[in-house]
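Working through the structure, step by step
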Amino acid sequence: MTTIKFSSSLSGDPEDLLQQAVHISDGDTDEETGPPLDGMAYLKQVIKERRRIPGTVTAMIDPVRIQKPVTGSSFFIGSSRSKPSVSADNCPSVRWQNQQTAEFSDVRLKLARHCKLLRSKGESIQTLKLPDKENEMLWCLFLYGSSVWKLVVETRKTLEEEESNDEDDKLDKDGKDEKEKKDKENDEDSAQILSTVLEKSKYGTEPNLKVVLSMPVHLVERILEYQVAWLQLTGWRAEYGAWIYSLLSRIEKPLNPDLGSVLRDLALFCSQERNKLLEKSAKESKENHENKDGEEQPGDKDIAAFNLFICLVSRYFDQADLADTSS
């Protein structure tokens, strides 16, 4: 058995346990004014400052002053962070999922070959001038037009008003008046600029090959983050499908942690929306006994899109715990 014995001379200040590299005398204890004149004076000054600082410092944080990010939303709360269970009859077959994964992989392979061909000819891939990746409004207008952005702004405004009402309860009257005055001035300025931009951007852009290839990978990741935030604010819209598929086709593996979290949010959103549509369809089927087997229901196309994105995220991008399993 090995025994370690410490010298009694070391049983004092924890700093004494460390071997001293340079001996510094404790002379001249008077506080020196002005900068140190030599190296030894500098080291003495550092030691004195270190002894005045406590070993542990606690910061007092005012939670009212903490601003929450407005890009995303608190869509997944509590148990909603988990994927809802779906019966095997409502899950796509493993054969169908394998087929979709293979087709998606083929699309990515064709994109890579096309990029390689353009480079071999000396042609530029990124030929379009695109908005700045940090400008969320311009990207929403570029992809989908003004109608989607208006809905995003209205939803966020509603959420911010609910949060501000909670914060106003903690402020005094003077603080409320000053806050309302600033908010009014900012709203008037932003509304004038926004109306001008929206008038010129009524329609979005289709995800054609030229547009998709003009986006570098880091830009694609940022736009996909915006897209998932818009989904959580506006709900599912049919025009989202083509752009989400196109953005996924440009993502590179392996995923970084932030992008992996965004893709999981996408799959969770799709699974929860699919579950709502299935419950609604089952309820309507009970009320209307005239529905025939095989007849297409209003939400079938949306359910097919949700199945596709859940399949790609779970099986192609290796988020296996989110995969649909059927007997």
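Residues numbered from 1 in each chain as written. Predicted model: local features only at pLDDT ≥ 70, side-chain atom pairs only at ≥ 80, totals over all residues. Heavy atoms only, no water.

1. As for the overall build of the protein chain
What counts, and what does not: Helix and strand definitions here come from DSSP, where helices need a minimum of 4 consecutive H or I residues and strands a minimum of 2 consecutive E residues; each element is numbered from the N-terminal end. Buried residues are those whose accessible area, probed at 1.4 Å on protein chains only, stays under 20% of the maximum for their type, while exposed residues exceed 50% and partly exposed ones sit between those limits. By definition, residues are in contact when any of their heavy atoms lie within 4.5 Å. The method behind every accessible area is Shrake-Rupley, applied with a 1.4 Å probe, and residues are considered shielded solely by the protein chains displayed.
The secondary structure content of the protein chain amounts to 10 helices and 0 strands. Sequence-ordered secondary structure for the protein chain, helices as α and strands as β, is α-α-α-α-α-α-α-α-α-α. Taken over 327 residues, the protein chain has a buried fraction of 31%. Excluding contacts between residues fewer than 6 apart, the proportion of contacts in the protein chain whose partners are at least 24 apart in sequence is 79%. Looking at the protein chain as shown, the accessible area adds up to about 22500 Å², and 51% of this sits on carbon and sulfur atoms.

2. Remarks on a negative patch on the surface
Short version of the rule: Each patch is assembled from residues with relative accessible area greater than 30% and no salt bridge, linking like charges that lie within 9 Å and nonpolar side chains (Val, Leu, Ile, Met, Phe, Trp, Tyr) that lie within 5 Å. Any Lys or Arg side-chain nitrogen found within 4 Å of a carboxyl oxygen on Asp or Glu counts as a salt bridge. Positive residues here are Lys and Arg, negative ones are Asp and Glu, while His and the chain termini are left out of the count. A charge is said to be at NZ when it belongs to Lys, at CZ for Arg, at CG for Asp and at CD for Glu.
Together, Glu160, Glu161, Glu162 and Glu163 line one region of the surface with negative charge. Position of Glu162 among the secondary structure elements: in helix H4 (residues 146-168). The class for Glu162 is partly exposed, based on a relative accessible area of 46%.

3. Brief notes about the nonpolar core
Spelled out, the test is: Here, nonpolar core means buried Ala, Val, Leu, Ile, Met, Phe, Trp, Tyr and Cys residues that are tied together by side-chain atoms lying within 4.5 Å of each other.
By size, the foremost hydrophobic cluster in this structure holds 46 residues, and its most contacted members are Met215, Trp230, Trp236 and Leu248. At the level of elements, helix H3 (136-144), H4, helix H6 (209-213), helix H7 (217-234), helix H8 (240-248), helix H9 (257-287) and helix H10 (300-316) are the ones that each hand at least two residues to this core. Of all the elements, H7 adds the most residues to this core, at 9 residues. Those residues in contact with Met215 that sit more than four places away from it in its chain are Leu130, Trp139, Phe142, Val220, Ile223, Trp243, Leu247 and Arg250.

4. Here we look at the confidence of the model for the protein chain
Defined as follows: Residue-level confidence of the predictor is what pLDDT reports, using numbers from 0 through 100.
For the protein chain, the average pLDDT comes to 80, and 71% of its residues sit at 70 or higher. Here helix H5 (residues 173-199) stands out as the element of the protein chain with the lowest mean pLDDT, 58, in contrast to H8, whose mean of 96 is the highest. Predicted confidence for residues 70-74 stays below pLDDT 50, and this span has 10 contacts to residues more than four positions away or in other chains.

5. Let's talk about the packing of aromatic side chains
Short version of the rule: Any two rings among Phe, Tyr and Trp, with Trp reduced to its six-membered ring, count as a pair given centres within 6.5 Å; such a pair is stacked if its planes are under 30 degrees apart, edge-to-face if over 60, and tilted if neither.
Per the counting criterion, the structure on display carries 11 aromatic pairs. When the ring of Trp139 is compared with that of Phe142, the centres are 5.4 Å apart and the planes differ by 85°; the resulting orientation is edge-to-face. Taken as a pair, Trp139 and Phe142 lie in helix H3 at a separation of 3 residues, close to a single helical turn. Judged by centre distance (6.1 Å) and plane angle (85°), the ring pair of Tyr144 and Trp230 falls under edge-to-face.

6. Examining the environment of Leu159
If you trace the backbone, Leu159 turns up in helix H4. Taking relative accessible area as the criterion, Leu159 reaches 35% and is therefore assigned partly exposed. Each C-alpha atom of the pair Leu159 and Leu233 lies 9.8 Å from the other, and the pair is 74 residues apart in sequence.

7. Quick notes on the packing of helix H2 (residues 94-120) against H10
The condition is simple: Only the stretch in contact is used when a helix axis is fitted, and all axes are lines through C-alpha atoms; the angle between N-to-C directions ranges over 0 to 180 degrees. In these notes the angle categories are as follows: under 35 degrees is roughly parallel, over 145 is roughly antiparallel, 65 to 115 is roughly perpendicular, and the rest is oblique. Just so you know the grouping, Ala, Val, Leu, Ile, Met, Phe, Trp, Tyr, Cys and Pro go in nonpolar, Asp, Glu, Lys and Arg go in charged, and all remaining residues, Gly too, go in polar.
For the pair H2 and H10, the least separation of the axes is 10 Å and the interaxial angle reads 75°. Between H2 and H10, the angle falls in the class roughly perpendicular. Touching Val94, Trp96, Gln97, Gln100, Thr101, Phe104, Ser105 and Arg108 of H2 are Ala304, Asn307, Leu308, Cys311, Leu312, Arg315 and Tyr316, all from H10. The residue makeup of the contact of H2 with H10, split by class, is 8 nonpolar, 5 polar and 2 charged.

8. A word on H9
The line we're drawing: The span expected for a helix works out to 1.5 Å for each residue beyond the first. Throughout this description, a polar contact denotes any pair of N or O atoms lying within 3.5 Å of each other; where both atoms belong to protein, one of them has to be capable of donating a hydrogen while the other can accept it, and for residues adjacent in sequence the pair is counted only when both atoms sit in side chains.
The end-to-end C-alpha distance of H9 is 45 Å, a good match for the 45 Å that 31 residues give at a rise of 1.5 Å each. Looking at where H9 begins, the residue whose side-chain oxygen comes 3.2 Å from the main-chain nitrogen of Asp258 is Asn256.

9. Quick notes on unusual backbone geometry
Lys253 connects to Pro254 through a cis peptide bond whose omega is 0°. Following the sequence through the fold, Pro254 ends up in the loop between H8 and H9. One non-glycine residue, Asp318, adopts positive backbone phi at about 65°. Structurally, Asp318 can be placed in the segment after H10.

10. Section: H2
If you check H2, its first and last C-alpha atoms are 39 Å apart, about what 27 residues at 1.5 Å a residue would give, namely 39 Å. All buried positions along H2 are accounted for by Gln97, Gln100, Thr101, Phe104, Arg108, Leu111, Cys115 and Leu118. In the core, the buried residues of H2 are packed alongside H6, H8 and H10. At the C-terminal side of H2, Gly122 shows a positive phi close to 80°.

11. Things to note about the pattern of salt bridges
Overall, the coordinates contain 10 salt bridges when judged by the stated rule. For Asp324, the salt bridge identified is with Lys83, shortest N-O distance 2.8 Å. Taken together, the positions of Asp324 in the segment after H10 and Lys83 in the loop between helix H1 (39-52) and H2 put the pair 241 residues apart, joining distant regions of the chain. With relative accessibility at 1%, the residue Asp324 sits in the buried group. For the salt bridge of Lys110 with Asp106, the shortest nitrogen-to-oxygen distance reads 3.4 Å. In this pair, Lys110 and Asp106 both sit in helix H2, 4 residues apart, roughly one turn of the helix. According to the relative accessible area criterion, Lys110 is exposed, its value standing at 52%. The partly exposed category is assigned to Asp106, whose relative accessible area is 35%. Taken together, the salt bridges that share partners define one network made up of Lys83, Arg274 and Asp324.

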